[in-house]
Amino acid sequence: MTASPTRPLIAPSLLAADFSRLGEEAAAVERAGADWLHLDVMDGHFVPNITFGPLVVKALRPHTRLPLDAHLMIAPADPYIAAFAEAGADHISVHPEAGPHLHRTLQLIRSLGKKAGVVLNPATPIEAVVNVLDLTDLIMVMTVNPGFGGQAFLSSQLAKIAALRELIDASGRDIILQIDGGITAKTAPQVLAAGATCLIAGTAIYGAPDYAGAIAAIRASAPPAPPELSASSGG
Ligand code: DX5
Ligand code: ZN
């Protein structure tokens, strides 16, 4: 499934799911229309919370066909990347602050046949990724401080999203621009207008009684297609 400004990818974050039923929760969002499943890996050191590791990713793998989008909030990350790849993660994203050699880390992820991502904290400038675009498949902008679900969206990050959109477009590269934190049907239109192509949402999907309705509501917040695109895609 490809993203477009009018058809954003939706990646529910399992962090807000019922942890006693993770397999069922993964399958449920697939049925509900999700594009990817976002997995928040936390070590209690890089971020002040602990979640799960490769063993849980491996256990989840048979429960869904969705691409598994692993967001590593761990430092160091390099010693664990092969384990996440073997466990079945399809995308592996790291924070530049998690190690001294981001270029080498991205090379490692790519060498394992996985899509490589760079995650920018609210205080991290876009310069952190500018010189490694050739090794980057995904750029994720944090619109909360990493560590917890259910936090308030930081609109201060909208300018960064727009700047990354320009950078990606100028590069001519097919890099997905993901937004993580505080995404709801209300905040999604702002990040989509700024140029995001993938929306990660935990509370707004897993906290809703109807996952399909919640995913549809976030997706429907995308701006309508320009007239020429509408004409060529329909009858
Ligand atoms: C926070 C995580 C997010 C989190 C988002 O560190 O990276 O993926 O699950 O949760 P919501 O959508 O509730 O802000
Ligand atoms: Zn995340």
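What you are looking at is a predicted structure, and each value in this text was computed from that prediction instead of being measured.

Asker: Teacher, can you tell me more about the overall build of the chain here?
Answerer: In terms of regular secondary structure, the chain is built from ten helices and eight strands. Relative to the globule expectation of 18 Å for 235 residues, the C-alpha radius of gyration of the chain, 17 Å, shows essentially globular dimensions. Summarising its shape, the C-alpha atoms of the chain cover approximately 50 × 40 × 30 Å along the three principal directions. Scored against the burial criterion, the 235 residues of the chain give a buried share of 51%. In the chain, of all internal contacts separated by at least 6 residues, the share reaching a separation of at least 24 is 65%. Accessible surface for the chain amounts to roughly 10,200 Å². Of this, 57% is attributable to carbon and sulfur atoms.

Asker: Looking at this structure, I do not really get the side chain of His 71. What am I missing?
Answerer: Tracing the backbone shows His 71 in strand S3 (residues 68-73). Note on His 71: relative accessible area 0%, which makes it buried. There is a polar contact of 3.4 Å between the side chain of His 71 and the side chain of His 38. In this view, His 71 contacts His 38, Leu 39, Asp 40, Val 41, Ser 93, His 95, Val 119, Met 140, Met 142 and Asp 180; residues no more than four positions away in its chain are not counted.

Asker: Just to check I follow, could you spell out the coordination of the zinc ion (ligand 2) for this structure?
Answerer: Put simply, a metal with four donors set out as a tetrahedron has ideal angles of 109.5 degrees, and one with six donors set out as an octahedron has ideal angles of 90 or 180 degrees. For the zinc ion (ligand 2), the full set of protein donor atoms is His 38 (NE2), Asp 40 (OD), His 71 (ND1) and Asp 180 (OD), and the range of their distances to it is 2.0 to 2.2 Å. Motif for the zinc ion (ligand 2), donor spacing along one chain: H-x1-D-x30-H-x108-D. Of this pair, Asp 40 sits in strand S2 (residues 37-42) while His 71 sits in strand S3, placing them 31 residues apart in sequence.

Asker: Looking at this structure, I do not really get the sheet that holds S3. What am I missing?
Answerer: Backbone-to-backbone hydrogen bonds pair the strands of a sheet. The strands run either parallel or antiparallel. If you walk across this open sheet you meet the eight strands as S1-S8-S7-S6-S5-S4-S3-S2, and the pairing is parallel. The open sheet has two free edges, formed respectively by strand S1 (9-12) and S2, since each of these has just one partner strand. The average angle at which neighbouring strand axes cross in this sheet is 25°, direction not considered. The sheet contact formed by S1 and strand S8 (residues 198-201) spans four bridges and is parallel.

Asker: I would appreciate a short explanation of unusual backbone geometry in the present structure.
Answerer: Backbone torsion omega between Ala 75 and Pro 76 reads -5°, so that peptide bond is classified as cis. Among the structural elements, Pro 76 can be located in the loop between S3 and helix H3 (78-87).

Asker: Is there a simple way to explain the site of ligand 1 in this structure?
Answerer: Near ligand 1 you find 19 residues, and of these Ser 13, Gly 147, Asp 180, Gly 202 and Thr 203 are the closest. Contact distances for ligand 1 include 2.8 Å between an oxygen atom and a side-chain N or O atom of Asp 40. Side-chain polar atom of Thr 203 to an oxygen atom of ligand 1: 2.5 Å apart, as the coordinates give it. About the coverage of ligand 1: the protein hides 98% of its 380 Å² of free accessible area. Listing elements by their share of the shell around ligand 1, those giving two or more residues are S2 and S3. Residue contributions to the shell around ligand 1 peak at three residues, all from S2. The residue inventory of the shell around ligand 1, partitioned by class, reads seven nonpolar, ten polar and two charged.

Asker: For this particular structure, what's the right way to read H3?
Answerer: Because each turn of an α-helix spans 3.6 residues, side chains separated by three or four positions end up pointing in the same direction. Of the positions making up H3, those classed as buried are Ile 81, Phe 84, Ala 85 and Ala 87. One face of H3 carries all of its buried residues, which in axial projection span an arc of 155°. In H3, the exposed residues that point more than 90 degrees away from the buried face are Pro 79 and Glu 86. Residues of H3 that are buried make contact with S2, helix H2 (54-60), S3, strand S4 (91-94) and helix H4 (102-111). At the exit of H3 stands Gly 88, carrying a positive phi of roughly 115°.

Rules used throughout
- Residues numbered from 1 in each chain as written.
- Chains lettered and ligands numbered in written order.
- Predicted model: local features only at pLDDT ≥ 70, side-chain atom pairs only at ≥ 80, totals over all residues.
- Heavy atoms only, no water.
- Helix = DSSP H or I, 4+ residues; strand = E, 2+ residues; numbered from the N terminus.
- Rg over C-alpha atoms; globule rule 2.2 N^0.38 Å.
- Buried < 20%, exposed > 50% of the residue type's maximum accessible area, 1.4 Å probe, protein only.
- Contact = heavy atoms within 4.5 Å.
- Areas by Shrake-Rupley, 256 points an atom, 1.4 Å probe, with all protein chains shown as cover.
- Polar contact = N/O pair within 3.5 Å; in protein donor to acceptor, adjacent residues only side chain to side chain.
- Donors = N, O, S within 2.8 Å, 3.2 Å for Na, K, Ca; no water.
- Pairing = 2+ DSSP bridges.
- Axes fitted to C-alpha atoms, helices over the stretch in contact; angles between N-to-C directions.
- Near = heavy atom within 4 Å.
- Nonpolar A, V, L, I, M, F, W, Y, C, P; charged D, E, K, R; others polar.
- Arc of directions from axis to C-beta.

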